[in-house]
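Descriptive analysis of the structure
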Amino acid sequence: MKKSICLAVLGTAILSFASEPVRYGTGLPATGSDAPIHTVFTNPGEDCTTQMNLSFASTPGIECRVIYSDGVETCTVNSTGTLCLTFDSINSKLMDNTDVTERHVFDKHRVELSGLKPDTEYTYTVLPVESSGNADVQTYRFRTAGSDSWKAAVISDFHHYSPLWRRLDAAMGMIDVLDSVSGGFDWVLTPGDQCAWGGSYNYWTELSEQPAYRNYMWAGVEGNHDHMTRDNDKSDAFFRDTHANPLNGYTGQEGVAYWFKYGDVLFFMLNNEAMRTKESLEPVFEWMKGVVADHPSKYVVVVEHYEWLIGTNGANSQLDRFYELFDSIGVDLAISGNNHAYLRTPALRNRVPVSARQGTFYVVCPSSDDSRGRDLKPVEANDDIISMRWSEGAHTVGGMIMDVNPQRIVMTLYDRYGTVCDSFTVPAKP
């Protein structure tokens, strides 16, 4: 199990929310980062036991090198990027609320590391090939799968927006709390909406500079906010071109929708923006059926952004579109976000509660930005399949720990003070 490396211990994290929040960084100018290499993210490889993917940007035309080490052996791989114009001429706002047009032109690098040692912590740096290195080079970390027992932090809907930096402060503080109460986790899972506007490249760069991003692999899905600009232009490219997710999605969704394995858990990461019609679900379902058949796993977990049921009132949402497929392929746990209020069901099969080993648990994660949560209302529907709801209203800050071993998955919801608000167990199927 990875040891705690986030900055705040629990007591410090609690005090930070009780008084002034910890400041987790500062905003960028209109031109973004002036570093030759920036916006570095660690994303999952297809099999995280021996593979990991790295995404970063560089000044156009320079060759880069990644130096990575397990503490014993050090390896180097060179990378030549591809010119990226996705974020050129995008209207946005800076930290001081100034209106700007961001003009980012850079080389996008995607490095796929393989042959890694299982259950091992790695560090890496990224440098221009012609650089001799210097003391200011940032170090990044990740841990490969391979242990029978591991933990992931689950955090959703923090909508980083530079003029309201306290949103990011709240979410990163919540991660520090999760780190403390769990005794250290191994990676971070997010059901989306990391940015208020995914087209604002500055916001992705500001995220990448946070300790929680530098020190962990992040596996996420594209949220509706990650899919849009200030002007409401929409594109999967905003998510695709800031990450290096596995390119194993179905046709047209490579690098946006994807699957990966961490230990003996098979994760499907879906893109709601590409699944709005009944017809658009057909290739998704065929893809998922094929992956499950080819990659048998102890657990199957599905993550998407849009909520399975509406957390605020229990109304129908995405569950009805997916439960028949999930029943047929044996999904153990389905995780979503978007509604900004927490909801979970018991194990369901054919939309009816069943024993824990026979169905799928559905959970809607709360928001974590301390500003866009929602009040709970009386349940209007699905009271028979709702086990728990939770919210702190507009100022909700919550997150979860996913604790996995060969016998079960335990999902625990914590508030900003480290108080357990809900917990449930997903047993391994026979």
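Computed from a prediction, not measured in an experiment: that's the story for all the values here. (Residues numbered from 1 in each chain as written. Predicted model: local features only at pLDDT ≥ 70, side-chain atom pairs only at ≥ 80, totals over all residues. Heavy atoms only, no water.)

**Topic: the overall build of the protein**
Rules: Secondary structure counts use DSSP, requiring at least four H or I residues in a row for a helix and at least two E residues in a row for a strand, with both numbered from the N terminus. Note on method: radius of gyration uses C-alpha positions; expected globular size equals 2.2 Å times residues raised to 0.38. Between buried and exposed lies partly exposed: a residue is buried under 20% and exposed over 50% of the maximum accessible area for its type, with that area taken using a 1.4 Å probe on protein chains only. Any two residues whose heavy atoms approach within 4.5 Å at even a single point are treated as in contact. Exposure was quantified through the Shrake-Rupley algorithm and a 1.4 Å probe, taking into account, for residues, occlusion by the shown protein chains and nothing else.
Helix and strand content of the protein: 7 helices and 25 strands. The globule rule puts the C-alpha radius of gyration for 430 residues at 22 Å, and the 20 Å found for the protein is close to it. Oriented by its inertia axes, the alpha-carbon framework of the protein measures out at about 60 × 45 × 45 Å. Counting only residues that meet the buried cut, the protein has 60% of its 430 residues in that class. Within the protein, counting contacts between residues at least 6 apart in sequence, those at least 24 apart form 72% of the total. Accessible surface, the protein as shown: approximately 15700 Å² in total, 47% of it carbon and sulfur.

**Things to note about helix H3 (residues 201–208)**
Of all 8 residues making up H3, 8 are buried, and the element is well covered by its neighbours. Along H3, the positions that sit buried rather than exposed are Tyr201, Asn202, Tyr203, Trp204, Thr205, Glu206, Leu207 and Ser208.

**So, the side chain of aspartate 370**
The test is simple: Counting of polar contacts relies on pairs of N or O atoms within 3.5 Å, with two restrictions inside protein: one atom must be capable of donating a hydrogen and the other of accepting it, and residues adjacent in sequence are counted only when both atoms are side-chain atoms.
Locating aspartate 370 in the fold gives a position in the loop between strand S21 (361–364) and strand S22 (388–390). For aspartate 370, a relative accessible area of 18% translates into the label buried. Within the local environment of aspartate 370, its side chain forms a polar contact with the side chain of arginine 416, the two groups lying 3.1 Å apart. Residues in contact with aspartate 370, not counting those within four places in the same chain, are Arg166, Ala170, Ala394, His395, Thr396, Val397 and Arg416.

**With respect to helix H6 (residues 278–294)**
Threshold: Helix span, as expected, comes to 1.5 Å for every residue beyond the first.
Counted at 1.5 Å a residue, the expected span for H6 with its 17 residues is 24 Å, and the 25 Å between its end C-alpha atoms agrees. Here H6 has its buried residues at Ser280, Leu281, Val284, Phe285, Trp287, Met288, Val291 and Val292. Each element contacted by the buried residues of H6 is listed here: strand S14 (258–262), strand S15 (265–269), strand S16 (299–303) and helix H7 (319–329).

**Quick word on the state of the cysteines**
How we decide: By disulfide we mean two sulfur atoms from cysteines, separated by a distance within 2.5 Å.
Inspection of the entire model under this criterion finds 0 disulfides. Left without a disulfide partner, cysteine 84 is nearest to the cysteine sulfur of cysteine 64, which lies 14 Å away. Residue cysteine 421 stays outside any disulfide, its sulfur separated by 13 Å from that of cysteine 365, the closest cysteine.

**A closer look at the nonpolar core**
Here is the rule we go by: For this analysis, a nonpolar core means a set of buried residues of the types Ala, Val, Leu, Ile, Met, Phe, Trp, Tyr and Cys, connected via side-chain atoms within 4.5 Å.
One finds Trp187, Phe260, Phe267, Leu333, Ile335 and Met402 to be the most contacted residues of the largest nonpolar core, which totals 53 residues. One finds Ile155, Met172, Tyr201 and Phe238 within the second-largest nonpolar core, a separate group that totals 38 residues.

**Section: a nonpolar patch on the surface**
Keep this limit in mind: The patch calculation keeps residues exceeding 30% relative accessible area without a salt bridge and links them within 9 Å when they carry like charges or within 5 Å when they are nonpolar (Val, Leu, Ile, Met, Phe, Trp, Tyr). Basic side-chain nitrogens of Lys or Arg form a salt bridge, by our definition, when they fall within 4 Å of a carboxyl oxygen of Asp or Glu.
Among the surface-exposed residues, Leu83, Leu85 and Val105 lie close enough to one another that they form a single nonpolar patch of about 270 Å² accessible area. Note on placement: leucine 85 falls in the loop between strand S5 (82–84) and strand S6 (88–93). Leucine 85 sits in the exposed class, given a relative accessible area of 52%.

**Side note on the confidence of the model for the protein**
Cut-off, in case you're wondering: Known as pLDDT, the predictor's per-residue confidence is scaled from 0 to 100.
Averaged over every residue, the pLDDT of the protein is 93; the share at 70 or more is 93%. This model gives residues 1–23 a pLDDT under 50, and the stretch forms 52 contacts once residues within four places in sequence are excluded.

**Some remarks on the sheet that holds strand S13 (residues 217–220)**
Rule in force here: Two strands are counted as paired when DSSP detects at least two bridges linking them. Axis lines are fitted through C-alpha atoms, for helices just across the contact stretch, and the angle between N-to-C directions can take any value from 0 to 180 degrees.
Taking strand neighbours across the sheet as the criterion, the 6 strands line up as S13-S12-S11-S23-S24-S25 in an open arrangement whose pairing is mixed. Two strands in the sheet have a free side with no partner beyond their single neighbour: S13 and strand S25 (420–427). Within this sheet the neighbouring strands show an average axis-to-axis angle of 20 degrees, counted without direction. Direction of pairing for strand S23 (residues 398–404) relative to strand S24 (residues 408–415): antiparallel, over a ladder of 7 bridges. Each bridged residue has a counterpart across the sheet, and for aspartate 403 the counterpart in S24 is valine 410. Lying over the sheet, helix H2 (residues 166–182) contacts strand S11 (150–154), S13, S23 and S24, oriented at roughly 35 degrees with respect to S23.

**A word on unusual backbone geometry**
Backbone geometry at asparagine 232 places phi at a positive 70 degrees, although glycine is not the residue there. With respect to the helices and strands, asparagine 232 occurs in the loop between S13 and helix H5 (237–240). Judged by relative accessible area, which is 45%, asparagine 232 ranks as partly exposed. Backbone geometry places arginine 351, a non-glycine residue, at a positive phi of 70 degrees. With respect to the secondary-structure elements, arginine 351 resides in the loop between strand S19 (348–349) and strand S20 (352–353).

**Quick word on the packing of aromatic side chains**
Applicable threshold: Between 30 and 60 degrees the pair is tilted, below 30 it is stacked and above 60 it is edge-to-face, where a pair is any two Phe, Tyr or Trp rings, Trp via its six-membered ring, whose centres lie within 6.5 Å.
In this structure the tally under the stated criterion is 33 aromatic pairs. Consider the rings of phenylalanine 87 and phenylalanine 106, whose centres lie 6.3 Å apart with planes at 20 degrees: the pair is stacked. Of this pair, phenylalanine 87 sits in the loop between S5 and S6 while phenylalanine 106 sits in strand S8 (residues 106–113), and the two are 19 residues apart along the sequence. Of the aromatic side chains, those joined through ring pairs into one cluster are Trp150, Trp187, Tyr258, Phe260, Tyr262 and Phe267.

**Thoughts on the environment of leucine 309**
For leucine 309, the location among the structural elements is in the loop between S16 and H7. On the basis of relative accessible area, leucine 309 is assigned to the buried category, the value being 0%. For the pair leucine 309 and aspartate 320, spaced 11 residues apart in sequence, the C-alpha to C-alpha distance is 9.1 Å. The contact partners of leucine 309, leaving out residues within four places of it in the chain, are Gly314, Ala315, Asn316, Ser317, Leu319, Leu343, Thr345, Arg351, Val364, Asn382, Ile385 and Ile386.

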